[in-house]
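An overview of the molecular structure
The primary structure of each chain is shown beneath.
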Amino acid sequence: MFRAKADKAPLHVFIHGGAWRAGKASSYHFPAEMFLDNGVSYIGLDFGNVQDIGLDGMVAQLRKALAYIHKNAEKLGIDPKQIYISGHSSGAHLGGVILTTDWSKLGVPQDIIKGATLISGMYDLKPVRQSARSSYVPFTDDIENTMSTQRHLNQINTPIILAYGGLETDEFKRQTKDFADAMKKANKPVELIFSEFSNHFEIMDDFGNPYGPVSAATLKQIKGK
């Protein structure tokens, strides 16, 4: 955790990518400076890999972590009413699923997450299940359905920023645009950001730059201006 100077500061929680089987939070400390400069504390979460605990296990760990953060807000020096999340790639997928959570089961308010930034994610797992990733992700019909955020729009009440790059592969582009369209049709709060000259990794590399479009939108979401 990178803690802002002010007591009861807003908090931004980042969920890293890595095809659900790789990556560490320590590789994603770089956005912290931007958030701290804007009076926002920053946490990068670590969690188990899909080979060990499955997609449902990964989501369960992240939900428990966020509930813990909310319940221990005073000790952590953050405002429990100002918790925001973001994620990249498979981390954006996990972040999307988290937005469909019934938080009452974990003893925290349903509006625990005030806003989300999902970068280059996947929001319907049917195409992913048909890809090479099925060789190491233990998909079932239930996992495909419950972990496909776009199929559960009625459970989403969080403003979402969706971002993707113009140099990404077609499926990442399609998934993001389709999810944004579905959110709009369901009258859910969504903002779509297209970074024309970014590939799948460059768009994440820019997430510590306060003048980049995705970062600027995320800071505006938190600060309200």
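None of the values given here were measured: they were computed from a predicted structure. (Residues numbered from 1 in each chain as written. Predicted model: local features only at pLDDT ≥ 70, side-chain atom pairs only at ≥ 80, totals over all residues. Heavy atoms only, no water.)

**Some remarks on the overall build of the chain**
Of the regular secondary structure elements, the chain holds 9 helices and 6 strands. Relative to the 2.2 N^0.38 estimate, which gives 17 Å for 225 residues, the radius of gyration of the chain is 16 Å and therefore close to what a compact globule would have. When burial is assessed residue by residue, the chain has 54% of its 225 residues classed as buried. Here the contacts in the chain between residues at least 6 apart in sequence split such that 76% fall between residues at least 24 apart. Of the roughly 10,300 Å² of accessible surface on the chain, a fraction of 49% belongs to carbon and sulfur atoms. (Helix = DSSP H or I, 4+ residues; strand = E, 2+ residues; numbered from the N terminus. Rg over C-alpha atoms; globule rule 2.2 N^0.38 Å. Buried < 20%, exposed > 50% of the residue type's maximum accessible area, 1.4 Å probe, protein only. Contact = heavy atoms within 4.5 Å. Areas by Shrake-Rupley, 256 points an atom, 1.4 Å probe, with all protein chains shown as cover.)

**Focus on the pattern of salt bridges**
Counted under the stated rule, the structure contains 7 salt bridges. The partner of Asp111 in a salt bridge is Lys114, with the nearest N and O atoms 3.8 Å apart. On the accessibility criterion, Asp111 (46% relative accessible area) is partly exposed. Measuring nitrogen to oxygen at the nearest pair gives 2.7 Å for the salt bridge that ties Glu144 to Arg151. Overall, Glu144 belongs to the buried group, its relative accessible area being 10%. The class for Arg151 is partly exposed, based on a relative accessible area of 31%. Through salt bridges with shared partners, a single network forms among Asp124, Arg129, Asp141, Glu144 and Arg151. (Salt bridge = Lys/Arg side-chain N within 4 Å of Asp/Glu carboxyl O.)

**Side note on the side chain of Glu144**
Mapped onto the elements, Glu144 comes out in helix α6 (residues 141-146). Reaching out from Glu144, the side chain makes a polar contact with the side chain of Arg129 at a distance of 2.8 Å. Here Glu144 is in contact with Leu125, Lys126, Arg129 and Arg151, once residues within four sequence places are set aside. (Polar contact = N/O pair within 3.5 Å; in protein donor to acceptor, adjacent residues only side chain to side chain.)

**Considerations on unusual backbone geometry**
The phi torsion at Trp20 lies on the positive side, around 70°, for a residue other than glycine. Following the sequence through the fold, Trp20 ends up in the loop between β1 (9-15) and α1 (32-37). Although it is not a glycine, Ser89 adopts a positive phi angle of roughly 60°.

**A short note on helix α2 (residues 50-71)**
Given a rise of 1.5 Å per residue, 22 residues ought to cover 32 Å, yet the end C-alpha atoms of α2 are separated by just 27 Å, more than 12% below that figure. Largest kink in α2: about 70°, centred on Asp56. When α2 is considered as a whole, its buried residues turn out to be Val50, Gly54, Leu55, Gly57, Met58, Val59, Leu62, Leu66, Ala67, Ile69 and His70. (Expected span 1.5 Å × (residues − 1). Bend = angle between axes of the 7 residues up to and from the residue.)

**Topic: helix α4 (residues 90-98)**
Where burial is concerned, most of α4 is hidden: 9 out of the 9 residues are buried. If you check which residues of α4 are buried, you get Ser90, Gly91, Ala92, His93, Leu94, Gly95, Gly96, Val97 and Ile98. The inward-facing, buried residues of α4 abut β1, α2, β3 (78-88), β4 (113-119) and α6.

**Quick look at the nonpolar core**
Counting residues in each nonpolar core, the largest one holds 51 residues, and the members touching the most others are Val13, Trp20, Leu55 and Phe179. The leading source of residues in this core is α2, at 8 residues. Among all residues touching Leu55, those that are not within four sequence positions of it are Trp20, Val50, Leu125, Val137, Phe139, Ile143 and Met147. If you look at the next biggest cluster of nonpolar residues, it comprises 19 residues, including Ile119, Ile193, Phe207 and Ile222. (Core = buried A, V, L, I, M, F, W, Y, C linked by side-chain atoms within 4.5 Å.)

**As for the sheet that holds strand β6 (residues 190-195)**
The strand order across the open sheet formed by 6 strands is β2-β1-β3-β4-β5-β6, and the pairing between neighbours is parallel. Edge strands, defined here as strands with exactly one partner in the open sheet, are β2 (41-45) and β6. Pairwise comparison of adjacent strand axes, ignoring direction, gives a mean angle of 20° for this sheet. Pairing geometry for strand β5 (residues 160-165) and β6, over 6 bridges, is parallel. From the neighbouring strand, Ala163 faces β6, where its bridge partner is Ile193. Across the face of the sheet, α2 comes into contact with β1, β2, β3 and β4 while running at roughly 155° to β3. (Pairing = 2+ DSSP bridges. Axes fitted to C-alpha atoms, helices over the stretch in contact; angles between N-to-C directions.)

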